[in-house]
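Understanding the architecture of this molecule
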Amino acid sequence: MALLIESVVKVIVVFGIFMGCVAYMTLLERKVLGRVQVRFGPNRVGPFGLWQPIADGIKAFFKEDLIPANADKPIFILAPMITVASALCLIAVIPFGDKITLFGHTIYLRITDLDVGILYLFAFASIGEYGVVLGGWASGNKYGVIGAMRAAAQMISYELALSLSVIGVIMISGSLSLSVIVEKQAHMWNVVYQPFAFIFYMVCALAEINRTPFDMPEAEAELACGYNIEYSSMKFALFFMGEYAHLVVVCAVATTLFLGGWQGPFLPGVLWFLIKTFVLVFFCIWERGTFPRLRYDQIMHFGWKILLPLTLANVVVTAIVMAL
Amino acid sequence: MAVLIAKWVIFVITSLLAIVSSLLMITRRNTIHSALFMILAFVASAILYLLLGCQFMAMIQIIVYAGAVMMLILFVIMMIDLSKEEKLKMKVTRTKIAGVIVSVLFMLALILVMGLNSVKGKLGALSSIGDAKTIGTLLFTKYLLPFEVASILLLAAMVGAVMLSKKKAFGGEDQ
């Protein structure tokens, strides 16, 4: 019974904090992008525009919910849900702190600790990709379909390199469990042993979550928003939330795998975890303001002919070094 | 006891889900809908693996089948125009009759094999087979040769696919 209550409380707290982070991530991105482009960003609602996400939420809620006549209605409704739900499932295995003792009761600061944590991440990440692909296809719009096709091709291509970039970490840690991987980094972060894998991971992750410079599925200039072109109101807000939720998750996973998770001196573990994740998220926003969008064929060329061989070479080199 | 009942309830729900989604998959006219029900069936069978304690198998089932394979199938379905096929009326052709006969025979064979060899009783030593470590150890010791042969076969298939999809014959100028 105590276990059940503990789990429920943890799920509610993590869900609340996670969704709060996601909401304010939208504000952070608009603010930082504004500064990068020498303007202020949203600053009308509340001090420093701090209530902007709430205002956006209310606005999205009261907008008219349009479904195109030639859309595939059930899939059209299902697609944004898949995107958000998969991102929420992903957060379940990420260890965000060490164990704490509360009322004589040891609590591990993670929702669950799977033996196959990394595989779980890949499994739900691959389910989440259907959201974008189906959303674009079900809209019954040619731009939407082109966006969906690009999303499918891009995700298939970069998923390979993404999994290969993580294999080096698994080899060093000797485990698929995320909490074991964090514990193994008590003395030295994995990024020191696997610097290239970290770079490959971040690049592939940006491509997986369709972020600049890989935001082909929603390239505004050529596809007029691509896969989410027909979405309005709360369904669009769900896609928007899913995008930022995936961004947070990707950075949290990078923290866990490469930057030592919650390990760190002086400050409590949860704080370290949040700081590291925030730095990575900030990097993602920063690079969005810096890099131009790549062309579609350049992305495919880069993924298959450069990234994939490099990640494979990284695995081989890691194996050789470990065997020596 | 409560855990056993919970497991039983989950088993009944997921197996029903698997059966219903498989049926819906073969009866839908819209190919995308079929593909989605197939994904659902794969996910349901992954949950069944989880109930057996095979975490590794469950995750691989989702990554490989529900994730990668079905994404490719969806990609292909979206690429080709199936509107003509979807409008076709039910027509009995020779290939369809042959297909029905073969699938009924296959189902009978499956029922016979499962009925004769079904394992009754408690979960035994088999339950540790779903462990990533066990599978890895077995693949690199006892089943090393079949494993390597299978990987060479897959490599050959991959090279073959690349050859087939090339526009010009081998030796000619490619892009």
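Residues numbered from 1 in each chain as written. Chains lettered and ligands numbered in written order. Predicted model: local features only at pLDDT ≥ 70, side-chain atom pairs only at ≥ 80, totals over all residues. Heavy atoms only, no water.

The subject of this paragraph is unusual backbone geometry. Residue and element names in this part refer to chain A. Of note in the backbone geometry, Val-38 takes a positive phi value of approximately 55 degrees without being a glycine. You can see Val-38 is positioned in the loop between α1 (2–36) and α2 (52–62). Judged by relative accessible area, which is 77%, Val-38 ranks as exposed. Positive phi, close to 55 degrees, is recorded for Asn-210, a residue that is not glycine. Tracing the backbone through its elements, the reader meets Asn-210 in the loop between α8 (195–208) and α9 (220–223). (Helix = DSSP H or I, 4+ residues; strand = E, 2+ residues; numbered from the N terminus. Buried < 20%, exposed > 50% of the residue type's maximum accessible area, 1.4 Å probe, protein only.)

This part covers a nonpolar patch on the surface. Residues and elements named next belong to chain A. The grouping of Val-36, Phe-266, Leu-267, Val-270, Leu-271, Leu-274, Ile-275, Phe-278, Val-279, Phe-282, Phe-283 and Trp-286 at the surface amounts to a nonpolar patch, some 1100 Å² of accessible area in total. In terms of residue count, the dominant contributor to the nonpolar patch is helix α11 (residues 269–290) (nine residues). Ile-275 gets classed as partly exposed once you look at its relative accessible area, which sits at 37%. (Patch = residues over 30% accessible without salt bridge, like charges linked within 9 Å, V, L, I, M, F, W, Y side chains within 5 Å. Areas by Shrake-Rupley, 256 points an atom, 1.4 Å probe, with all protein chains shown as cover. Salt bridge = Lys/Arg side-chain N within 4 Å of Asp/Glu carboxyl O.)

Residues and elements named next belong to chain A. Taken as a whole and judged by the stated rule, the model has six salt bridges over all chains. Linking Glu-6 and Lys-10 is a salt bridge whose minimum nitrogen-to-oxygen distance equals 3.2 Å. Of the two residues, Glu-6 and Lys-10 are both situated in helix α1; the distance of four residues between them amounts to about one turn of the helix. Assessed through its relative accessible area of 14%, Glu-6 is described here as buried. Since its relative accessible area comes to 12%, Lys-10 is described here as buried. Arg-288 is the partner of Glu-29 in a salt bridge, and the nearest nitrogen-oxygen pair spans 2.6 Å. Taken together, the residues span a long stretch of sequence, with Glu-29 in helix α1 and Arg-288 in helix α11 at a distance of 259 residues. A single network of salt bridges, built from pairs that share partners, joins Glu-29, Arg-211 and Arg-288.

All names here are of chain A. Inspection of the secondary structure puts Glu-159 in helix α5 (residues 142–173). Salt bridges are absent for the buried Glu-159, whose nearest opposite-charge side chain, Arg-150, sits at 18 Å. Sequence-distant contacts of Glu-159, that is, excluding residues within four places in its chain, are made with Phe-122, Ser-126, Glu-129 and Glu-208. (Lys, Arg positive; Asp, Glu negative; His and termini not counted. Contact = heavy atoms within 4.5 Å.)

Turning our attention to helix α10 (residues 233–258) of chain A. Compared with an ideal rise of 1.5 Å per residue, which puts 26 residues at 38 Å, α10 of chain A spans 38 Å between its outermost C-alpha atoms and is within 8% of the ideal. Gly-260 of chain A sits one or two residues past α10 of chain A and shows a positive phi near 80 degrees. (Expected span 1.5 Å × (residues − 1).)

The next thing to look at is the state of the cysteines. All names here are of chain A. Scanning all chains against the criterion turns up zero disulfides over all chains. With no disulfide of its own, Cys-21 lies closest to Cys-251 among cysteine sulfurs, the gap being 12 Å. The structure places no disulfide on Cys-251, whose sulfur is separated from the nearest cysteine sulfur, that of Cys-284, by 3.9 Å. (Disulfide = S-S within 2.5 Å.)

Ranked by internal contacts, the top residues of the largest apolar core, which has 109 residues, are Leu-134, Tyr-201 and Leu-257 of chain A. Leave out the neighbours within four places in its chain, and Tyr-201 of chain A touches Leu-162, Ser-165, Val-166, Val-250, Val-253, Ala-254 and Phe-258 of chain A. (Core = buried A, V, L, I, M, F, W, Y, C linked by side-chain atoms within 4.5 Å.)

Averaged over every residue, the pLDDT of chain A is 84; residues scoring 70 or more account for 98%. The spread of mean pLDDT over the elements of chain A runs between α9 of chain A, the lowest at 70, and α8 of chain A, the highest at 89. (pLDDT = per-residue confidence, 0-100.)

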